[in-house]
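These are the residues of each chain, in order.
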Amino acid sequence: MAAPEISDTRFTLSQADIPSAWFNVAPHLSSPLDPPLHPVTREPVGPDDLAPLFAAELIGQEMSADPWIDIPGEVLDVLRLWRPTPLIRARRLEAALGTTARIYYKDESVSPAGSHKPNSAVPQAYYNAREGIARLATETGAGQWGTALAFACAQFGLECAVYMVRKSFEQKPYRKVIMETWGGSVVPSPIDDPDNAGSLGAAISDAVRDAVGREDTHYALGSVLNHVLLHQTVIGLEAQQQLTQAGETRPDVVIAPCGGGSNLGGVALPFLPDPAVRLLAAEPASCPTLTRGSYEYDFGDTAGLTPMMNMYTLGHDFMPPGIHAGGLRYHGDSPIISKLVHEGRMEAVAHRQKAVFEANVLFARVEGKLPAPEAGHGIASAIAEANDATAKDEERVILVNYCGHGLLDLSAYEDHLAGTLPEEP
Ligand SMILES: Cc1ncc(COP(=O)(O)O)c(C=O)c1O
């Protein structure tokens, strides 16, 4: 009698398989990235210009051309609390769609903070603590990055000050409770304009002002910068091993939501050297940086305090509507991601909020997991790719990053289920 066919859904690695080095994409780019420019002189910034804000080791990583950068043992000790994360074959979603595609999702929601964000928060807190810094200041959109940094600071004995975009501060009150439980302090941003819903750009300005005003404080950014994408590459490196375990040679397309580009970079960049793998960014139609922005130098924040970067931007004073995917409400994008899109190596697509929640509800009903609003952008794209493959009768292998759970975003689901979710302009 033939052995029963086993339909594996979950591909897990042992803790010994956590990557011991981060993948640096710099040597794989078609040309070096354009340098960041000083906000006042407009001259290229050097390490000394960044020293008041960042740990020296992180500045080194930001500019490094080394193909691999070792992950310190102290960082791995913390990552081991939840890594490696599982890779799941979404067989129930495939069945619901009746697709010819195979859909895999990398589950970053299992981290303590519920998203991919601790992958960079932990090394950032570690390097700052090692260099004698006592306190980190940061911005947070949906609250995921602030939560992650509060957790990471608690691991290394640092204070953590979080400026949270006011709209999210009001939409997601329990994020504040988690951050405070880990010892962080949280205030709504912009701090000087209580009637303003806020934006990531404005919250960055608040956090940078805090950091430059205090000797004991550095700034930490949860996305956009090269070193943040670098730290996130553990996602794609693990997924490569897990896809092999699942019997796949390669994914045909790698998809992730994109706000500033960190979870997208993390899952996609290790696949960049393989030209047969398509890379796809999924963003909100109401903050369409990659699909409708222009590729030019702009500030990373609203007030014009940060270095200028060559990136896709909607303008640093762009005020996105208050959609529930607070982590995707950013006017700019990572210079690495922007360059790849500009050169046609990466594709980008925009989704409307209602379509994202329809995708999230389908995913929750068949796979059981309730996605963060940000994650739904990737899921909506994965479903569109699967339907396209079915229409063309193709066996497409789809890898999507499940960047966070939505268990603290229930007011968004409540609005969606009640039919009161406002459609963006
Ligand atoms: C769950 C989640 N996904 C995605 C993002 C977008 O950020 P990034 O593009 O850096 O991954 C955020 C940002 O806060 C987030 O919280």
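Taking an unreviewed UniProt entry as the reference, the protein is identified by name as Tryptophan synthase beta chain belonging to Actinomycetospora endophytica. What UniProt states about the protein under its Pathway (unreviewed entry) heading is, verbatim, "Amino-acid biosynthesis; L-tryptophan biosynthesis; L-tryptophan from chorismate: step 5/5."

Enquirer: Help me understand the overall build of the protein in this model?
Expert: Tallying secondary structure elements over the protein gives 17 helices and 15 strands in all. Here the C-alpha atoms of the protein give a radius of gyration of 20 Å, agreeing with the 22 Å that 2.2 N^0.38 yields for 425 residues. Counting only C-alpha atoms, the protein reaches 70 × 50 × 40 Å along its principal axes. When burial is assessed residue by residue, the protein has 60% of its 425 residues classed as buried. In the protein, 77% of the contacts between residues at least 6 apart in sequence involve partners at least 24 apart. Accessible surface, the protein as shown: approximately 15900 Å² in total, 52% of it carbon and sulfur. Of note, the protein has its 31 positive side-chain charges centred 6 Å away from the centre of its 53 negative side-chain charges.

Enquirer: Sorry, what's going on with the UniProt feature "modified residue: N6-(pyridoxal phosphate)lysine" (unreviewed entry) in the protein here?
Expert: As annotated by UniProt and renumbered to match this structure, "modified residue: N6-(pyridoxal phosphate)lysine" (unreviewed entry) occupies Lys-117. By the secondary structure assignment, Lys-117 is in the loop between β5 (102-107) and α5 (118-130). Judged by its relative accessible area of 15%, Lys-117 is buried. In contact with Lys-117, other than residues within four places in its own chain, are Gln-144, Trp-145, Ala-148, Gly-222, Ser-223, Gln-232 and Ser-262.

Enquirer: Got a minute to help me understand the packing of aromatic side chains in this structure?
Expert: Note on aromatic pairs: each is described by the distance of the centres and the angle between the planes. One pass over the structure, following the stated rule, counts twelve aromatic pairs. Ring geometry for Phe-23 and Trp-68: centres 5.5 Å apart, planes at 75°, overall edge-to-face. Of this pair, Phe-23 sits in strand β2 (residues 21-23) while Trp-68 is found in strand β3 (residues 68-70), placing the two residues 45 residues apart along the sequence. For Trp-68, a relative accessible area of 47% corresponds to the partly exposed category. Following the ring pairs from residue to residue traces out a cluster consisting of Trp-82, Phe-151 and Trp-182.

Enquirer: Just checking my understanding: could you explain the site of the ligand for this structure?
Expert: Looking at the ligand, there are 14 residues lining it, with Ser-223, Gly-259, Gly-261, Ser-262 and Asn-263 nearest. At 3.0 Å from an oxygen atom of the ligand is found a side-chain nitrogen or oxygen belonging to His-116. One of the side-chain N or O atoms of Ser-223 is found 2.4 Å from an oxygen atom in the ligand. Partitioned by chemical class, the residues of the shell around the ligand number three nonpolar, nine polar and two charged.

Enquirer: Help me out: how do you make sense of the sheet that holds strand β6 (residues 135-140) in this one?
Expert: Paired through their backbone hydrogen bonds, the strands of a sheet run either parallel or antiparallel. Judged by pairing direction, the sheet is parallel, and its four strands sit side by side in the order β8-β7-β6-β9 without closing on themselves. The open sheet is flanked by β8 (185-189) and β9 (217-220), the only strands paired with a single partner. Averaged over all neighbouring strand pairs, the angle between strand axes comes to 25°, with direction disregarded. One ladder, built from six bridges, connects β6 with strand β7 (residues 159-165); its direction is parallel. Counted as the bridge partner of Ala-137 is Ala-161 from β7.

Basis of the calculations
Residues numbered from 1 in each chain as written. Predicted model: local features only at pLDDT ≥ 70, side-chain atom pairs only at ≥ 80, totals over all residues. Heavy atoms only, no water. UniProt positions renumbered as here; feature names shortened; annotations may be inferred. Helix = DSSP H or I, 4+ residues; strand = E, 2+ residues; numbered from the N terminus. Rg over C-alpha atoms; globule rule 2.2 N^0.38 Å. Buried < 20%, exposed > 50% of the residue type's maximum accessible area, 1.4 Å probe, protein only. Contact = heavy atoms within 4.5 Å. Areas by Shrake-Rupley, 256 points an atom, 1.4 Å probe, with all protein chains shown as cover. Lys, Arg positive; Asp, Glu negative; His and termini not counted. Charge placed at Lys NZ, Arg CZ, Asp CG, Glu CD. Phe/Tyr/Trp six-rings, centres within 6.5 Å; stacked < 30°, edge-to-face > 60°. Near = heavy atom within 4 Å. Polar contact = N/O pair within 3.5 Å; in protein donor to acceptor, adjacent residues only side chain to side chain. Nonpolar A, V, L, I, M, F, W, Y, C, P; charged D, E, K, R; others polar. Pairing = 2+ DSSP bridges. Axes fitted to C-alpha atoms, helices over the stretch in contact; angles between N-to-C directions.

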